[in-house]
Amino acid sequence: MSKIQAIRGMNDVLPEESYQWEWIESVIREWLATFGYQNIRTPILESTDLFVRSIGTATDIVEKEMYTFVDSLNGDSLTLRPEGTASVVRAAIEHNMTYGTPRRLYYCGPMFRHERPQKGRFRQFFQVGIEALGFEGPDIDAEHVMMASELWNKLGIAGEGVRLEVNSLGSKDDRKKYRESLVTFLKGREQSLDEDSRRRIDTNPLRVLDSKNAQTREIVASAPKLPDFLSSESIDKMERFKQFLDRSGIAYKLNSNLVRGLDYYNDVVYEWKTAFLGAQGTICAGGRYDVLAEQIGGKPIPACGFALGLERVLATLSSYKVQIPKLNPDVYVVSSNETAQLYAWDVAQVLRDNTLKVVLHCGGGALKSQMKKADNSGAKFAIIVGDDEVAKKTITLKSLRAVRDDGASQQQELSVKEAIKRICEDGV
Ligand code: ATP
Ligand code: MG
């Protein structure tokens, strides 16, 4: 029979790598708690309409990246979420979450986009996102950027390799005026643009600014600039936003061609990019989306947020050679026969009750091969139990890391209590 394999672009994360995920997720959780963000968990499946109405019909995501299917049991059109913001805002409206109180929220989980898999681009990928609902900004927008910067510090990747680009998309009216001027400019150069961009002139001209095609980028460099079309209100917001960044000493570059791939953004938008991942260098992106709640049928909620791609952040960590602690056991317990294993069983549990991470050898075998497994487990210590130890109610503790001056590894017969003390003293 043919082998069944995982779906292209959807990865298994094996234990050899998953410890990195667990580590980064725990750092992220702590970081979010220090800023008072609360977790929200929304379903992975939503009505297709939610994403079409929020993200916009003329976007990459809605045009060609969504996993949409009809539920054959009732005919509903469903979509695997391609991003998290729309679902969070849907939930906020549905549960009246912002009534009277603004909310600082975060989510973490898989997103799905039918893209061509390549380095840093997958069909199932994980995002951590934060959303601040009910805030006018731009203080909170700056808080988000500062939070990201803090996270890079905590992860040990801050510096030249991770850079911030910011822009203001202004209000809907500002963009309308800009759009007219941009369309005129692009129409005059239509023949030289790539196919995608030509198509976008009428549907989503701002996306042309974001094209990855070299020739299009060259043309776009001399296009009218969005910042020249901003109202004084949007300019003021941007200035205030920058004051906060300066206050935190966060360096940024203004990129007037920075537009987001989703239609719901206005005013402050930004992206954090790393030099290490080529065209897939954006590790975190976000901005303000004041119109989104209305677009999906709710009352207006001023709001902003960002999402970061965990695979890309992890890839950046490995470029920086950040050492991620492995979740190795503290102790691996071996025994020389079945009676001794019963005693070892109890010893292992006493150790666990003392907060140690303990693997009890299962499956029998010669002591030598058990010790080999102890070594491979990455544990700092082995505990060895034979008839002698059973009779005396002791254990033999062997350090699997430290080596004596004469080259032999240290081994000592101790009571269980003494052993726990020794192991803990070792800095477990
Ligand atoms: P890109 O320009 O790289 O396609 P995007 O604008 O589509 O990114 P967003 O929708 O803003 O991305 O998603 C936020 C973050 O999620 C990105 O900055 C990136 O880190 C990550 N991301 C987006 N799409 C993918 C994907 N297919 N695989 C892995 N990570 C992704
Ligand atoms: Mg994309």
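Here the structure is a predicted model, which is why all the values come from computation and not from measurement.

### With respect to the overall build of the chain
Part 1 of the argument: Broken down by element type, the chain carries 15 helices and 16 strands.
Part 2 of the argument: Its C-alpha atoms give the chain a radius of gyration of 28 Å, more than 25% over the compact-globule value 22 Å for 428 residues.
Part 3 of the argument: The principal-axis extents of the C-alpha atoms in the chain amount to approximately 90 × 60 × 50 Å.
Part 4 of the argument: Looking at the chain residue by residue over its 428 residues, the buried ones come to 51%.
Part 5 of the argument: Carbon together with sulfur atoms contributes 49% to the accessible area of the chain, which is approximately 21900 Å² in total.
Part 6 of the argument: Averaged over its 57 positive side-chain charges, the chain has a centre that lies 3 Å from the centre of its 59 negative ones.

### Topic: the site of ligand 1
Part 1 of the argument: The local shell around ligand 1 holds 17 residues, among which R113, E115, R121, Q127 and R260 are the closest.
Part 2 of the argument: Between ligand 1 and I283, the relevant distance is 3.5 Å, taken from an oxygen atom to a main-chain nitrogen or oxygen of the residue.
Part 3 of the argument: For ligand 1, whose unbound accessible area comes to 580 Å², protein coverage reaches 92%.
Part 4 of the argument: Only β6 (124-133), β10 (282-288) and β11 (303-309) provide two or more residues apiece to the shell around ligand 1.
Part 5 of the argument: With four residues, β10 is the single largest residue contributor to the shell around ligand 1.
Part 6 of the argument: Partitioning the shell around ligand 1 into residue classes produces seven nonpolar, four polar and six charged.

### Observations regarding the environment of C284
Part 1 of the argument: With respect to the helices and strands, C284 occurs in strand β10.
Part 2 of the argument: Residue C284 is classed as buried on the basis of its relative accessible area of 1%.
Part 3 of the argument: The sequence separation of C284 and Q127 amounts to 157 residues, and the corresponding C-alpha distance is 9.2 Å.
Part 4 of the argument: Once residues within four sequence positions are removed from consideration, C284 is found in contact with A148, W152, Y270, E271, W272, F306, A307 and L308.

### Things to note about the pairing of strand β9 (residues 266-274)
Side chains on a regular strand alternate between the two faces of the sheet.
Part 1 of the argument: With eight of nine residues buried, β9 is to be regarded as a mostly interior element.
Part 2 of the argument: By the bridge criterion, seven bridges tie strand β7 (residues 162-168) to β9 in an arrangement that is antiparallel. Paired with L164 across the two strands is W272, which belongs to β9.
Part 3 of the argument: Bridge analysis of β9 against β10 gives six bridges, and the strand direction is antiparallel. Bridging from a neighbouring strand, K273 pairs with T282 of β10.

### Focus: the sheet that holds strand β3 (residues 67-70)
Part 1 of the argument: Read from one edge to the other, the open sheet built from three strands follows the order β2-β4-β3, with strand pairing classed as antiparallel. Among the strands making up the open sheet, the edge pair consists of β2 (45-47) and β3. The mean inter-strand angle of the sheet, taken between neighbouring strand axes irrespective of direction, is 35 degrees.
Part 2 of the argument: With three bridges joining them, β2 and strand β4 (residues 77-80) adopt antiparallel strand pairing. In the sheet register, L45 faces β4, and the bridge partner there is L80.

### Details of the pattern of salt bridges
Part 1 of the argument: As enumerated under the stated definition, the model contains 24 salt bridges in all.
Part 2 of the argument: For R200, the salt bridge is made with D60, and the minimal N-O distance between the two is 2.4 Å. Of this pair, R200 sits in helix α7 (residues 195-203) while D60 sits in helix α3 (residues 60-65), and the two are 140 residues apart along the sequence. Exposure class is identical for R200 and D60. Each is buried.
Part 3 of the argument: For K64, the salt bridge identified is with D196, shortest N-O distance 3.7 Å. Residue K64 is found in helix α3, and its partner D196 is found in helix α7; the two are separated by 132 residues along the sequence.
Part 4 of the argument: Residue D196 is classed as partly exposed on the basis of its relative accessible area of 31%.
Part 5 of the argument: Members of the salt-bridge network, linked through shared partners, are D60, E63, K64, D196, R199, R200, R207 and D210.

### Section: the packing of helix α2 (residues 48-55) against helix α4 (residues 85-94)
Part 1 of the argument: Across the interface, α2 lies against α4 with an axial gap of 10 Å and an inter-helix angle of 105 degrees. Classed by the angle they form, the pair α2 and α4 counts as roughly perpendicular. Between α2, through L50, F51 and S54, and α4, the contact on the second element is made entirely by A86, S87 and R90.

Cut-offs applied
- Residues numbered from 1 in each chain as written.
- Chains lettered and ligands numbered in written order.
- Predicted model: local features only at pLDDT ≥ 70, side-chain atom pairs only at ≥ 80, totals over all residues.
- Heavy atoms only, no water.
- Helix = DSSP H or I, 4+ residues; strand = E, 2+ residues; numbered from the N terminus.
- Rg over C-alpha atoms; globule rule 2.2 N^0.38 Å.
- Buried < 20%, exposed > 50% of the residue type's maximum accessible area, 1.4 Å probe, protein only.
- Areas by Shrake-Rupley, 256 points an atom, 1.4 Å probe, with all protein chains shown as cover.
- Lys, Arg positive; Asp, Glu negative; His and termini not counted.
- Charge placed at Lys NZ, Arg CZ, Asp CG, Glu CD.
- Near = heavy atom within 4 Å.
- Polar contact = N/O pair within 3.5 Å; in protein donor to acceptor, adjacent residues only side chain to side chain.
- Nonpolar A, V, L, I, M, F, W, Y, C, P; charged D, E, K, R; others polar.
- Contact = heavy atoms within 4.5 Å.
- Pairing = 2+ DSSP bridges.
- Axes fitted to C-alpha atoms, helices over the stretch in contact; angles between N-to-C directions.
- Salt bridge = Lys/Arg side-chain N within 4 Å of Asp/Glu carboxyl O.
- Parallel < 35°, antiparallel > 145°, perpendicular 65-115°, else oblique.

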